[in-house]
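Single-letter residue listing:
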Amino acid sequence: MKKLLLLSSLIFISLLSYSDEGMYTWKSHIAYGVVTQVADAGDIIYALAGNALFQIDKATEEMTCFSKQDGFHGSNIIHIAYDSKYNTLLVVYEDGLIDFVSNGQITALSDLQNKQMNTSKKANSVRIYKDKAYLGMPFGIVVINMAKKEIADTYYIGLEGKEVDIKNMTMDADSIYAITANSIYSANLKSNLLDYNEWTISNVLPDDSIYQDIIVFNNQLYTIANNHIHYRSSTGWHKIESDRFFTGMKLTDSRLFLIQQELGVTECKKNNNLISHISPYLVFDVVYSDNNYWLAANTDGLVRQTGTDTQVFIPEGPIVNIPYRMKVVNNRLYVVSGGRWATQNRYAGHLMIYDISKDKWKNIYSWYIENKMQGLSLDFMNVAVDPFDVNHYFVTSYGTGLFEFINDEPIMQYTHLNSPLTTAAPGNSEMYYIRTDGAMFDKDGNLWVLNMGDKFLHIATPTDIRNARNTGQSNWNVYSLYINNTLFPVYTSGEIFIDGRYDNWKWIPYVRYQPGLILYDDNGTPLDDSDDNTYFQSSFFDQDGKEITFTLINAIAQDKKNDIWVAIDKGLFIIPHTIDFRKSNLCERVKIPRNDGSNLADYLLDTERISAICIDGANRKWIGTESSGLYLISEDGLETIEHFTTENSPLPSNKILSIAIDSATGRVFVGTDGGLMSYQNDAAEPEPEFKNEKVYAYPNPVKSDFNGVITITGLMDNTEVKIVDNGGNLVCSTISNGGLAVWDGKTISGKRVTTGVYTAFCNAAD
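This is a predicted model, so every value here is computed, not measured.

Enquirer: Tell me what's going on with the overall build of the protein chain, and back it up with residues and numbers.
Expert: On a plain count of helices and strands, the protein chain comes out with three helices and 69 strands. The globule rule puts the C-alpha radius of gyration for 766 residues at 27 Å, and the 30 Å found for the protein chain is close to it. Taking the principal axes of the C-alpha coordinates as reference, the protein chain spans close to 95 × 75 × 60 Å. A fraction of 50% describes how many contacts in the protein chain between residues 6 or more apart in sequence connect residues 24 or more apart.

Enquirer: If you had to explain helix α3 (residues 462–471) to someone new, which residues and values would you point to?
Expert: All of the buried residues along α3 are D464, I465 and A468. Projected down its long axis, α3 carries its buried residues within an arc of 100°, all on one side. Structural note: α3 exposes N470 and T471 on the side pointing more than 90 degrees away from its buried face.

Enquirer: Which residues make up the pairing of strand β62 (residues 667–672), and what values go with them?
Expert: The side chains of a regular strand alternate between the sheet's two faces. Most of β62 sits inside the fold, with six of its six residues counted as buried. Going residue by residue along β62, you find R667, F669 and G671 tucked away on one face and V668, V670 and T672 tucked away on the opposite face as well. Inspection of the sheet shows strand β61 (residues 656–661) paired to β62 by five bridges, in the antiparallel sense. Note on β62: the bridge partner recorded for I659 is V670. Linkage of β61 to β62, two consecutive antiparallel strands, is achieved through a turn of five residues, within which G666 is found at a positive phi near 85°. Pairing between β62 and strand β63 (residues 675–680): six bridges, direction antiparallel. Pairing of R667 across the sheet is with Q680, part of β63. Between the antiparallel neighbours β62 and β63 lie two residues.

Enquirer: With reference to specific residues and values, describe the sheet that holds strand β12 (residues 125–129).
Expert: One open sheet accounts for four strands, arranged β12-β13-β14-β15; its pairing is antiparallel. A strand with exactly one partner marks an edge of an open sheet, and here the two such strands are β12 and β15 (150–155). Across this sheet, the average inter-strand angle for adjacent strands is 25°, counted without regard to direction. Judged from the five bridges that link them, strand β13 (residues 132–136) and strand β14 (residues 141–145) form a sheet pairing that is antiparallel. Bridge pairing in β14 links L135 to V142.

Enquirer: Got a sec to walk through the confidence of the model for the protein chain? Specific residues and values, please.
Expert: Here the protein chain shows a mean pLDDT of 93. Residues at 70 or above account for 97%. The model gives residues 1–20 a pLDDT under 50, and that stretch makes 73 contacts with residues more than four places away or in other chains.

Enquirer: Any details on the pattern of salt bridges? Residues and values, ideally.
Expert: Evaluation of the coordinates by the stated rule reveals 33 salt bridges. Salt-bridge contacts for E94 lead to K122; the nearest nitrogen and oxygen are separated by 3.9 Å. Note that E94 is positioned in the loop between β9 (88–93) and β10 (98–102) and K122 in the loop between α1 (111–114) and β12, a separation of 28 residues in sequence. Between R325 and E495 there is a salt bridge whose closest N-O contact spans 3.8 Å. Taken together, the positions of R325 in strand β32 (residues 325–329) and E495 in the loop between β45 (486–487) and β46 (497–498) put the pair 170 residues apart, joining distant regions of the chain. Assessed through its relative accessible area of 13%, R325 is described here as buried. Taken together, the shared-partner salt bridges in this structure form one network comprising R255, E267 and K269.

Enquirer: Residue-level account of the packing of aromatic side chains, with values.
Expert: Aromatic ring pairs are reported here in terms of the distance separating the ring centres and the angle at which the planes meet. With the rule as written, the count across this model stands at 37 aromatic pairs. When the ring of F540 is compared with that of F573, the centres are 4.8 Å apart and the planes differ by 40°; the resulting orientation is tilted. Pair noted here: F540 is in strand β50 (residues 540–541) and F573 is in strand β54 (residues 571–575), with a separation of 33 residues, a long-range link. Side by side, F540 and F573 carry an identical accessibility label, which is buried. Through a chain of ring-to-ring contacts, three or more aromatic side chains come together here, namely W507, F540, F550, F573 and F581. Here the basic side chain of R512 rests over the ring of W341, its NZ or CZ set 4.7 Å away from the ring centre.

Quick notes on the rules
Residues numbered from 1 in each chain as written. Predicted model: local features only at pLDDT ≥ 70, side-chain atom pairs only at ≥ 80, totals over all residues. Heavy atoms only, no water. Helix = DSSP H or I, 4+ residues; strand = E, 2+ residues; numbered from the N terminus. Rg over C-alpha atoms; globule rule 2.2 N^0.38 Å. Contact = heavy atoms within 4.5 Å. Buried < 20%, exposed > 50% of the residue type's maximum accessible area, 1.4 Å probe, protein only. Arc of directions from axis to C-beta. Pairing = 2+ DSSP bridges. Axes fitted to C-alpha atoms, helices over the stretch in contact; angles between N-to-C directions. pLDDT = per-residue confidence, 0-100. Salt bridge = Lys/Arg side-chain N within 4 Å of Asp/Glu carboxyl O. Phe/Tyr/Trp six-rings, centres within 6.5 Å; stacked < 30°, edge-to-face > 60°. Lys NZ or Arg CZ within 6 Å of the ring centre and 35° of its normal.

Right, dumping it as structure tokens:
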């Protein structure tokens, strides 16, 4: 039956304002909570958090966060320093790129970044002295003219001009001093510093000393070596006795502070007395200004301490920039910060939850979980949300077991001590090796958990879960996998999911060691393994009879046609729904015609190491790679619709860790090793039918100077959308991507429409 719908929301083009985020826009979700450096800019305090930057207005306490979207030219910031003479913030990136921030302008210096060299361009330190900034580099010293915003010199100071790894530098009125791990170099500032012969190794400490920092304070030279502070006098070097261990120094407001391994910070007075400033924070950097201590307190954020009063500043965002895996359920994005290779990474087990509609983060820190559970919380792997109670979910970890949450509170930790889960290393380290992954719920509310090793598959019924909470002990179904009556242990699996055609089919990627695909058939009786079958394929042949070789299967996804897309270390391949995996190892690869008259074709992304894959509402594939960013390809894979990299988008890194899509809005969340971004995609999950409360247009009304696209949402799949003006003239005709259709506000001939009222007529495909 033909269904015609007149949108209850008409599209007005007027001068009224509109504040919603537009189509094809990016949004940053960078973590700002791990603060490691601070810089004083007078009325402003800058803080380096992870690889991102934010500022605090001292007077108003207003926080402002920065990213590439604000005009910065790089992503992974490693150092900041402020030049008060030129009122310029120096921002140094990991790849050698440099930004100068002054009077609201951001100027890039890319000479070092673009220089062809084999040595790393990651600066170890930055020191500003008079008109110049000195960068301690793995190959020597780079000098920047702050007035001209250009590289002035590069000093290679090793024997015969060889490269040496400079950890830090300092200057007094006459000399410059630079430290490597085991030497102090010095030279007269008035000499030709480009000549390595002008540099000498001077007054070194015992041979086993490892130098960490050097600074001039009160006309005296100080260094930290082997975590102890030393000063130089006319009679040589002297150690200042202390029961504390130091890692660095900071000169601020004519006072010298010592960064220590313990909580708090120590001040070195002019008479070389050490005064401890008590603080409950582990301090990585400090600024002293107007009787306030501004502390870079690592995971505790930026702290202002005045006497005994403290105030913590942490901008809205996740805890850390490690979006290892993500999942969207019920308008909430769950992000876990774990990981593993052959063994676990031992990353803190943080759980980060983003309320998409409210644009708010709720963070559950590892230390909080450990305090509540009285157990370790490391390497969270994935989240499984109860289909009958969205406030109830489980989180797997690769080493510390399984965690249960209700209303975002941890209530149970399942290990080998209170459940059938096994540890891979019984003995002293057993609590580090309870490796779980791939938790999910089935339609009956049974929880499935993968436990690496022989006893691989664990299934807990809702009753089992309730009983475990009541008794503190778990008793659930545990199955080993068998193929042809032979035990089939799994040591590194990925996430498990249920086939879109048959509820009894469960797909599991065997990631490494013996990479391949597992199909587990429970025969419709998940609590009875007597009739189950396991199928495994590790060798595949494509449509041309060519064998596909791979050493990793990083991810798998089933599209809307029930084809299985497999992401490997050399591209990807497809198991079509027309091929019976149980009986065949045939597959297909997408072949892109060269269209050069040769009749040849290339396999889709066959040189890329694919790390993640996700299917959007229009059955298009979002593909993440380990080194070349993010791809959006068409439903059949023949067309690359988008290719996002750090060069043409705000992505902080080209290494993609994870992808998740909010089916309701089409927003694509992209996890990189530099942090999390999201992109407003033009496709969403289609609705099964038209409903007035779901079909609407936005922005509505539209400002006359609006340059984005108008979106119509809540549509059925492949809806034909025709937009007409008041006179009934057709101005746009398009087909929806899943549940979304977009209009650029122009006529069919490409001219911008005039102000007025427009009506969208939406016709379903049937």
